[in-house]
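Fold and geometry: a report
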Amino acid sequence: MLNIDYGNFSATRWPAVYRLGQPHSTTLRRAREPRGRFGMTADLSGHSGKSIVLVGLMGAGKTSVGRKLAEKIDLAFTDADEEIIEAAGCSIEDIFELYGEKAFRDVEERVIFRLLDEGPQVLATGGGAFMNPKIRSRIEASGISVWLRADLDTLVRRTRRRAGRPLLKTSDPKATLQKLIDERYPVYADADIVIDSMDEGPEITVDIISDALDAMTKPDSGGKER
Ligand code: S3P
């Protein structure tokens with residue numbers, strides 16, 4: 001059995017949705033007086049003490065962008081999939097094969113709950129994590145979610161570079177990715193910030209995210225209500 005620790009639920013909401021008139025289709029929700037864990041108004045310095053949580057499909061670049069973003073904004077970086085592998089003591093492929101996807105989703109939920117309780121960090125989540133409503137609520141409570149949006153061809157090209165993704169072990173991975181886009185993009189669209197994941201290199205994406213985070217958490221950002 002897979003046995004992982006997990007923490008307690010806490011509810012915090014990001015009330016207003018803003019769209020910035022910026023390039024790269026950056027969309028964000030802006031925090032106004034987010035409430036801290038114990039019902040106090042949180043400090044708006046930094047990123048309100050929240051974790052930055054990267055979401056998006058396999059191949060969107062969550063890990064490479066997350067690592068560099070963490071360096072830039074001086075937070076620890078965590079890759080949820082790596083934590084799952086460590087907690088389970090076997091690869092994600094093995095978890096799927098030996099225990100099934102449901103067991104993987106269970107472990108994923110518990111690991112992400114635990115990580116979010118560990119304090120502010122940049123957290124790269126696996127592509128299916130944000131589809132879990134409980135994980136979404138928890139991210140909403142203690143994090144700022146950033147969707148790295150990428151088109152089908154980009155995802156196909158990037159996912160070809162690395163094996164070990166059980167959901168793509170199909171006869172037609174491109175069709176599988178298209179199906180996942182159809183199912184997941186409407187849900188990923190709930191993220192606080194939406195960034196188009198580009199091929200120019202993660203540094204540019206990181207700069208855009210960091211600007212969007214500043215705009216979101218600083219009062220004179222010039223953000224415009226959506
Ligand atoms: C999954 C994505 C993977 C991993 C698992 C399931 C998904 O993570 O969590 O294979 O459901 O999309 P990456 O998005 O980091 O590849």
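Quick look at the structure, then.

Comments concerning the layout of surface pockets
To locate leftover empty space, one rolls a probe as large as a water molecule over the atoms. Approximately 690 Å³ is the volume attributed to the largest pocket. Contributing to the lining of the largest pocket are 32 residues, with Met58, Thr63, Asp81, Arg162 and Arg165 lying nearest its centre. Top element by residues in the lining of the largest pocket is helix α1 (residues 62–73). It accounts for four residues. Of the residues contributing to the lining of the largest pocket, the split by class is nine nonpolar, ten polar and 13 charged.

Digging into helix α4 (residues 101–117)
With 17 residues, α4 should reach 24 Å at 1.5 Å per residue; the first-to-last C-alpha distance of 24 Å fits that figure. Every buried residue of α4 is accounted for by Ala103, Phe104, Arg105, Val107, Glu108, Glu109, Val111, Ile112, Phe113, Leu115 and Leu116. In the stretch just after α4, Gly119 is the one whose phi turns positive, near 100°.

Details of the pattern of salt bridges
Scanning the entire structure with this criterion turns up twelve salt bridges. Here Lys72 and Asp207 are joined by a salt bridge, their closest N and O atoms 2.7 Å apart. Taken as a pair, Lys72 in helix α1 and Asp207 in helix α8 (residues 202–217) lie far apart in primary sequence, 135 residues in all. Among the salt bridges present, the one from Lys179 reaches Glu183, with a minimum N-O distance of 3.1 Å. You can see Lys179 and its partner Glu183 sitting in helix α7 (residues 173–188), four residues apart, about one turn around the helix. Taken together, the shared-partner salt bridges connect Glu83, Arg114 and Glu118 into one network.

Conventions adopted
- Residues numbered from 1 in each chain as written.
- Predicted model: local features only at pLDDT ≥ 70, side-chain atom pairs only at ≥ 80, totals over all residues.
- Heavy atoms only, no water.
- 1 Å grid on protein atoms, 1.4 Å probe; cavity = no way out; pocket = protein on both sides within 12 Å on 5 of 7 lines; lining within 4 Å.
- Points joined across faces, edges and corners; volume = space filled by probe spheres on them.
- Helix = DSSP H or I, 4+ residues; strand = E, 2+ residues; numbered from the N terminus.
- Nonpolar A, V, L, I, M, F, W, Y, C, P; charged D, E, K, R; others polar.
- Expected span 1.5 Å × (residues − 1).
- Buried < 20%, exposed > 50% of the residue type's maximum accessible area, 1.4 Å probe, protein only.
- Salt bridge = Lys/Arg side-chain N within 4 Å of Asp/Glu carboxyl O.

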